[in-house]
Amino acid sequence: MIIVNNVSLPLETDFSNLKPIIAKTLKTNADNISEVKLYRKSVDARKKENVHFCCSVLVDLKSNQEKILKKNKNAHIFTEKSYVWKKACKKSENKPIVIGFGPAGMFAALALAKARLNPLVLERGSQIEKRCADVEGFLNGEPLNCESNIQFGEGGAGTFSDGKLNTGIKNERCRTVLEVFSFHGAPQKILTDAKPHIGTDILKTVVKNIRKEIISLGGEVCFDTKLEKVIINNGRIEAVVANGKQISCDELIIATGHSARDTYKMLLESGLEMQKKPFAMGVRVEHLQENINKALYGDFANSEYLSAADYKLASHLENGRGVFTFCMCPGGEVVNASSEDGGIAVNGMSNSKRDGKNANSALLVNISPEDFPSGNVLAGCELQRKIEKKAYEICGGAVPVTTVGSFVFGEKAQIGKVVPTVRPRFELADFGDIFPSFIVESLKEGIKLFDKKIEGFAQREAVLTAPETRSSAPVRIMRNADMQSTLVKGIYPCGEGAGYAGGIMSAAVDGICVAEKIIERYI
């Protein structure tokens, strides 16, 4: 087959009947085409008077392939390599243990299970049914469950986000991750959308189905089971202690996610090498989704062929810091994603239809290790916690919000057309009492700059919700080229929490890669 890139198609295109269009593009007869399949589809809205789809398609030609290729600069031989799950020939004496059942831990466990190594997964949070009840209860005013919440539990923090699957990494395993999600209940369109997403409502079922496959292949998944200690002997993992029970262990995958601060502390004290790493903090910004659609799609804003518009913005400020948007959730809501008593951390979430009234996105400022000159590896965690505690105290447990008009232009804060979506309670607050001045000033400058890129971004009625502190891990658990800890053999730091990923896709891929290193020992 060949792939034809940069095929511009009108929004109303019938994708089930692409032969006539592609025949014209390739200057051949439709009868010469055996099959046409959509491979990738994105929205090109650079010209508001001509919003259209930009596509890549797979084409199977009956004849004259070389001749047709020479005439079409956008066509070339399709050579995508299919990923093959690795198989083990021997069994391990002790089951490989995976700590955490977010994307990294889930796909590591799946890879190990497919290799017939019967992994044991230990997840401190609850399985999805109980976790959903705990989260919904908290968002409706019930006390926080510090072990089962938006950060901890089956599926990890990504389950209560938007289920974004786009990534900047180039890896053959990315396609496999999409196929796994699709096979277990995600929409088929994630295989062709340039910016695929699943949605929290569907992800809840998908992660449960993946768990069931892992178990059917011989794996075991234990929820409400917290890693308390790692036992190391002569520089090698020997056992772990979870819920007071000691379990022998030869290979341990640490895939805890970025909010397991107590686990970071325990691992550091146990002798693992860890380093501070860059991360980012800031706020969530909310606009009316209809305004974002209008700003990005112009007269096509109400097209039935377009979903809610999204955006991704970044700028380098004169003060040397970067400011950028992250995890934009079209038609979504801002959620209280706290995991510790006496603190507040917010995130964004969208369901599959993305049909909420507001659009929201993280608006973040880069923070570097140089901001913490002390030798404390966990200084970034301490700053996160300090900001979260201030946010909790300033509003008595309610989530702090303000308006762009107040925050940027010094006007009196007053909720208007953009109503905050965060639950259960919010209160107007001065963000200068929550953040260090460098974050406040950088956010103000960033909002002004982004208004030049998206008209209305600095609209006075836009809402800011604070604080977004958990966008990425502030530490990295160091590992060698073989993906084992630099100081402890048999421990494999993995995923976003270990500092090696930045989203669902990259975390899942890292989980597979780490699992492969273990499987190699049993081939």
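Residues numbered from 1 in each chain as written. Predicted model: local features only at pLDDT ≥ 70, side-chain atom pairs only at ≥ 80, totals over all residues. Heavy atoms only, no water.

Engineer: Would you mind showing me how to read the pairing of strand E13 (residues 279-288) here?
Structural biologist: Put simply, side chains in a regular strand alternate between the two faces of the sheet. Among the ten residues in E13, ten count as buried, and that is most of the element. In terms of strand pairing, E13 meets strand E18 (residues 358-367) through ten bridges, oriented antiparallel. Within E18, the position partnered with Gly282 by the bridge is Leu364. Two elements, E13 and strand E21 (residues 463-468), share four bridges in a ladder whose sense is antiparallel. By the bridge assignment, Val285 is partnered in E21 with Leu464. (Buried < 20%, exposed > 50% of the residue type's maximum accessible area, 1.4 Å probe, protein only. Helix = DSSP H or I, 4+ residues; strand = E, 2+ residues; numbered from the N terminus. Pairing = 2+ DSSP bridges.)

Engineer: Looking at this structure, I do not really get the packing of helix H3 (residues 103-114) against helix H6 (residues 200-216). What am I missing?
Structural biologist: A packed helix pair is summarised by two numbers, namely the angle formed by the two axes and the spacing between the axes. The N-to-C vectors of H3 and H6 enclose an angle of 30°; their axes lie 9 Å apart at closest approach. Classed by the angle they form, the pair H3 and H6 counts as roughly parallel. In terms of crossing hand, the pair formed by H3 and H6 is left-handed. Contacts from Met106, Ala109, Leu110, Ala113 and Lys114 of H3 reach H6 at Val207, Ile210, Glu213 and Ile214. Its residues assigned to classes, the contact of H3 with H6 shows seven nonpolar, no polar and two charged. (Axes fitted to C-alpha atoms, helices over the stretch in contact; angles between N-to-C directions. Parallel < 35°, antiparallel > 145°, perpendicular 65-115°, else oblique. Left-handed = near helix turned anticlockwise from the far one by under 90°. Contact = heavy atoms within 4.5 Å. Nonpolar A, V, L, I, M, F, W, Y, C, P; charged D, E, K, R; others polar.)

Engineer: Can you help me understand the sheet that holds strand E2 (residues 33-44) in this one?
Structural biologist: Strands pair in a sheet through their backbones, by hydrogen bonds, and they do so in one of two ways: parallel or antiparallel. Overall, antiparallel pairing links the four strands, which are arranged E2-E3-E1-E4 in an open sheet. The open sheet has two free edges, formed respectively by E2 and strand E4 (75-77), since each of these has just one partner strand. If you compare each strand with its neighbour and ignore which way they point, the axes differ by 25° on average.

Engineer: Would you take a moment to explain the pairing of strand E9 (residues 236-242) for this structure?
Structural biologist: When you tally the buried positions in E9, you get five out of seven residues, the bulk of the element. As defined by bridge partners, strand E8 (residues 227-233) adjoins E9 across six bridges and the pair is classed as antiparallel. Counted as the bridge partner of Ile232 is Ile237 from E9. Adjacent in sequence and paired antiparallel, E8 and E9 are bridged by two residues, among which Asn234 carries a positive phi angle near 55°. Pairing of E9 with strand E10 (residues 245-248) involves four bridges; the strand directions are antiparallel. Bridged to Val241 within E10 is Gln246. Where E9 hands over to E10, the hairpin turn is made up of two residues, of which Asn243 adopts a positive phi near 50°.

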